[in-house]
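# Working through the structure, step by step
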Amino acid sequence: MESAENAENAEVLVKPPTLTASDRLAAKKRFRTQRRLSTMKNKVLRNAQWATLKKRSERLLFHFIGKKEGQKQRKKEAEALGDKAPPKQIPRTIENTREADITTVDRDDEEVTFDITHDEYESYFSKTYVPKILITSSDNPHSKTIHFIRELTKIFPSSECQWRKRSSVKKMIQSAKEKDYTDVVVINEDRRVPNGMLVSHLPDGPTAYFKISNVKLTKDMKYKNIIKEFTTHRPEVILNNFQTRLGQAVSRMLASLFHYDPQFKGRRAVTFHNQRDYIFFRHHRYEFKSQKRAALRELGPRFTLRLKWLQKGTFDTIEGDYEWIIAGKRHEMETSRRRFFL
Amino acid sequence: MENDDIVWSIINKSFCSYKVNTKTQRFCRNEYNLTGLCNRSACPLANSQYATVREEDGNCFLYMKTVERSGFPRNMWEKVKLSKSLEKALRQINEYLVYWPGFTRQKCKQRLLKISQYLIRMRKLRLRRQKKLVPIQRKQDRRERRREEKALVAARLDSAIEKELLERLKRGTYGDIYNFPQVAFNKALEEEEDAEVNMEGDDYGEDEENEGEEPDEDIDEELEKELEEESENEEIEYVEADSDLERELESESDLEDIEPKASNSVKDNTRRKPRLEIEYETETLSKNPKRTV
């Protein structure tokens, strides 16, 4: 008896050391019995059961072992073991298990980098010209689109907005070429909200059509009157995570909309971050608090882009040469959940 | 002719397969109906003498039905092609329906007018740009939205942007704008020390002295004094030549954190990363001690 008691006491004193499989099972069991607790209609019995449960498992009350507690335990163990600690387990993510793409750009491969750098944007990246952008919309834009376009004109330096007066895109591109524009951006609208963006690089450059979603305008941002923080300094462009050739092409296209020489004094950063084929656009003002930390304040609109097609020449949906298109080919292209194109 | 009334009494009261009843109106779905409504005068079944105008592929035709042919359902309707110009077509109608009741004539002309108007509109629209209506596939749409949310969470944008910016700072793309004392320099120093422990180099690189260069401008005199004092203390530990002492002064003045100890002796010129090439001027070295005095 005594020994039993002692054993019990010993049990109570000793904290559950590691979370083995049996521990987890026990926790699950407890959880299940507790589930049954909620179905007991008799209050007296229910309370009694609750009391025993509480007594038995002080830490494992409601759920089986919580994530954070597990993490802490593992960390402690690793520290305790020191060198002999088992290697840190890396969780499996979609990015980890992404299907390998043949066209992934390998920075070291000279041929590939040569190809990339000598595409239609070569003249931009060799700083021979300053981009001049024409932004339009579809016919009869509504207020949200109008605001969006106005904000875009503030973001892209040297951009002009003109309202579409029932002209066709091809004609527009012609006249823009004559007026020395280098890029044309057309925002398409559906149901009173901008939903598509056509970017066309002018002297016979590639054309891309993106689907826009989740547009958040400056006036809807967290900080009030953030519009006052907009300056006319040329922002710097951050392009994250464009891995394949197609991704590189798209990123160069987006980068070429901005001036090649950013004014770092303005501390404005424009980001195009690609994650699983969604390109997130953000516009921040940054400040370096120290060498290890930078504070960001979000200005400006935010939206997400998704590439729908990329064409070699200027806009020509009928006879154009599509480099990549997913519109009618979903079953061919989306073969697996781990396959991404950018 | 006599059956007209009988037919109408039956159709009207009981069932007609072409009749469509709505709250306010009765419509006739018969393709030969002139007005489209279900009336005694407009019903093609209840009138043995009847005429309509119909359009086919952009051409208007006048259809006529007479009593004589009412026994031959196959040849009942006479089809006449009307001219493409509205004026001529109207005259044609007048000509063909010359002794016909006024109602039919009037309605035929009105119908022709309406048809020609909509044909003109169709032709105009065809020339303009049409908005292409793309149907939304609900499942796809929902899936895309959800995946976008998940991607946003996975992206952890703020930290990614911050990282990129810090990396740019480290790389030195911002040049001299930021006042962090020798960011790249410090980094390289740390890396150096790691690499060094194994090495034995005899070159007291010029770089060592160069290191001392930059902090001069940033540091106040008082600070310098303090630093010098500290460095002086450290000097005691070293058993090195005098020339090294001076260099140490410079190097230590700004780099309190770094443990120079053994490292000083072993700075190898060749191991230096190219980006740390700073110009060295001997003169300023000598200036320093004078300043503190």
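Residues numbered from 1 in each chain as written. Chains lettered and ligands numbered in written order. Predicted model: local features only at pLDDT ≥ 70, side-chain atom pairs only at ≥ 80, totals over all residues. Heavy atoms only, no water.

An unreviewed UniProt entry lists chain B under the name Protein MAK16 homolog, with Daphnia magna given as the organism. The Subcellular location (unreviewed entry) field of the UniProt record for chain B holds the comment "Nucleus, Nucleolus". In its Sequence similarities (unreviewed entry) section, UniProt records this for chain B: "Belongs to the MAK16 family." (UniProt positions renumbered as here; feature names shortened; annotations may be inferred.)

Across its full length, chain B holds 11 helices and 5 strands. Here the contacts in chain B between residues at least 6 apart in sequence split such that 51% fall between residues at least 24 apart. Split by element, the accessible area of chain B, about 19800 Å² in all, is 49% carbon and sulfur. (Helix = DSSP H or I, 4+ residues; strand = E, 2+ residues; numbered from the N terminus. Contact = heavy atoms within 4.5 Å. Areas by Shrake-Rupley, 256 points an atom, 1.4 Å probe, with all protein chains shown as cover.)

Time to look at the nonpolar core. With 38 residues, the main nonpolar core has Ile187, Phe210, Phe272 and Ile279 of chain A as its most contacted residues. Membership of the second largest hydrophobic core comes to 23 residues, among which are Tyr32, Leu34, Ala42 and Met76 of chain B. (Core = buried A, V, L, I, M, F, W, Y, C linked by side-chain atoms within 4.5 Å. Buried < 20%, exposed > 50% of the residue type's maximum accessible area, 1.4 Å probe, protein only.)

Chemically, a disulfide is nothing more than a covalent bond linking the sulfur atoms of two cysteines. Residues and elements named next belong to chain B. This model, assessed by the stated rule, comprises 0 disulfides over all chains. Looking at Cys38, it has no disulfide partner, and the nearest cysteine sulfur is the one in Cys28, 5.4 Å off. Classification of Cys38 by relative accessible area gives buried; the value is 5%. (Disulfide = S-S within 2.5 Å.)

Moving on, we get to the sheet that holds strand β4 (residues 59-65) of chain B. Residues and elements named next belong to chain B. Taken together, the 3 strands give an open sheet; going across it, the order is β3-β4-β5, and neighbouring strands pair in antiparallel fashion. Both outer strands of the open sheet, β3 (50-56) and β5 (77-81), are each paired with one neighbouring strand and no more. Averaged over all adjacent pairs, the angle separating strand axes in this sheet is 25 degrees, with direction ignored. In terms of strand pairing, β3 meets β4 through 7 bridges, oriented antiparallel. Note that in β4 the partner of Ala51 across the bridge is Met64. Set on the sheet, helix α3 (residues 102-127) makes contact with β3 and β4; between it and β3 the angle comes to about 5 degrees. (Pairing = 2+ DSSP bridges. Axes fitted to C-alpha atoms, helices over the stretch in contact; angles between N-to-C directions.)

Let us look at the side chain of Thr66 of chain B. Among the structural elements, Thr66 of chain B can be located in the loop between β4 and β5. Those residues in contact with Thr66 of chain B, other than ones at most four positions away along the chain, are Ser48, Met76 and Trp100 of chain B.

Residues Arg191 and Arg337 of chain A together with Arg138, Lys139, Arg142, Arg143 and Arg147 of chain B make up a contiguous surface patch of positive charge. Take Arg143 of chain B: its relative accessible area is 33%, and that puts it in the partly exposed class. (Patch = residues over 30% accessible without salt bridge, like charges linked within 9 Å, V, L, I, M, F, W, Y side chains within 5 Å. Salt bridge = Lys/Arg side-chain N within 4 Å of Asp/Glu carboxyl O. Lys, Arg positive; Asp, Glu negative; His and termini not counted. Charge placed at Lys NZ, Arg CZ, Asp CG, Glu CD.)

In this section: the packing of aromatic side chains. Evaluated as defined, the whole model comprises 19 aromatic pairs over all chains. On the numbers, 5.7 Å between centres and 55 degrees between planes, the contact of Phe288 of chain A with Tyr174 of chain B is tilted. Here Phe288 of chain A, found in strand β8 (residues 278-288), pairs with Tyr174 of chain B, found in the loop between α5 (157-171) and α6 (183-196), and the two come from separate chains. We note that Phe288 of chain A, like Tyr174 of chain B, is buried. Ring geometry for Tyr50 of chain B against Trp77 of chain B: centres 6.3 Å apart, planes inclined by 80 degrees, an arrangement best described as edge-to-face. Of this pair, Tyr50 of chain B sits in strand β3 while Trp77 of chain B sits in strand β5; the two residues are 27 residues apart in sequence, bridging distant segments of the chain. The structure contains a cluster of three or more aromatic residues connected by ring pairs, namely Phe148, Phe156, Phe258, Phe272, Phe281 and Phe303 of chain A. Against the face of Tyr278 of chain A rests Arg306 of chain A, its NZ or CZ located 4.7 Å from the ring centre. (Phe/Tyr/Trp six-rings, centres within 6.5 Å; stacked < 30°, edge-to-face > 60°. Lys NZ or Arg CZ within 6 Å of the ring centre and 35° of its normal.)

Turning to the pairing of strand β3 (residues 183-190) of chain A, a few remarks are in order. Residue and element names in this part refer to chain A. Of all 8 residues that make up β3, 6 are buried, and the element is covered over most of its length. In terms of strand pairing, strand β1 (residues 133-137) meets β3 through 5 bridges, oriented parallel. When the sheet's bridge partners are listed, Ser137 is paired in β3 with Ile187. Where β3 and strand β4 (residues 193-201) come together, 8 bridges link them in antiparallel fashion. In the sheet register, Val184 faces β4, and the bridge partner there is Ser200. Between β3 and the antiparallel strand that follows it, β4, lie 2 residues; Arg191 among them carries a positive phi value of about 55 degrees.

In this model α5 of chain B runs 21 Å from its N-terminal to its C-terminal C-alpha over 15 residues, within 8% of the 21 Å that 1.5 Å per residue would give. By the burial criterion, the buried members of α5 of chain B are Leu157, Ala160, Ile161, Glu164, Leu165, Leu166, Arg168 and Leu169 of chain B. Looking at the buried side of α5 of chain B, the elements it contacts are β6 (236-240), β7 (268-275), β8 and β9 (294-311) of chain A together with α4 (138-155) of chain B. (Expected span 1.5 Å × (residues − 1).)

Here we come to a negative patch on the surface. Residues and elements named next belong to chain A. A surface patch of like charges, here negative, comprises Asp106, Asp108, Asp109, Glu110 and Glu111. Within the secondary structure, Glu111 sits in helix α5 (residues 110-117). For Glu111, a relative accessible area of 62% puts it in the exposed group.

In the predicted model, chain A carries a mean pLDDT of 85, and 90% of its residues have values of at least 70. Low pLDDT, under 50, characterises residues 1-16 of chain A; the stretch is placed with 2 contacts to residues that sit more than four places away or in other chains. (pLDDT = per-residue confidence, 0-100.)

Quick look at the interface of chain A and chain B now. At the interface, 40 residues of chain A touch 30 residues of chain B. Together chain A and chain B conceal approximately 3100 Å² of surface at their shared face, both sides included; 58% is due to carbon and sulfur atoms. Contact with chain B buries area across many residues of chain A, yet Tyr278, Phe288 and Gln291 of chain A alone supply 22% of it, more than any other trio. The interface formed by chain A and chain B includes 5 salt bridges. Between Asp139 of chain A and Arg129 of chain B there is a salt bridge, with the nearest N and O atoms lying 2.9 Å from each other. Our count for the contact surface shared by chain A and chain B stands at 13 residue pairs in polar contact (both at pLDDT 80 or more). Going through the elements one at a time, β5 (207-216), β6, β7, β8 and β9 of chain A are the ones with two or more residues in the side of chain A that touches chain B. For the side of chain A that touches chain B, the element with the highest residue contribution is β8 of chain A, accounting for 6 residues. (Buried area = accessible area lost by both parts, 1.4 Å probe. Polar contact = N/O pair within 3.5 Å; in protein donor to acceptor, adjacent residues only side chain to side chain.)

This part takes up the confidence of the model for chain B. All names here are of chain B. With 63% of its residues at a pLDDT of 70 or more, chain B has an overall mean of 76. Between residues 285-293, whose pLDDT stays under 50, and residues either more than four places distant or in other chains, the model counts 14 contacts. As a predicted assembly, this complex carries a pTM of 0.64 together with an ipTM value of 0.76.

With that settled, consider helix α8 (residues 169-178) of chain A. Residue and element names in this part refer to chain A. Within α8 the residues assigned to the buried category are Val169, Met172, Ile173 and Ala176. For α8, the angular spread of buried residues about the axis comes to 100 degrees, placing them on one side. Looking at α8, the residues exposed on the side facing more than 90 degrees away from the buried face are Lys171 and Glu178. Among the structural elements, β1, β3 and β4 are those in contact with the buried residues of α8. Of the residues trailing α8, Asp180 is marked for its positive phi of about 65 degrees. (Arc of directions from axis to C-beta.)

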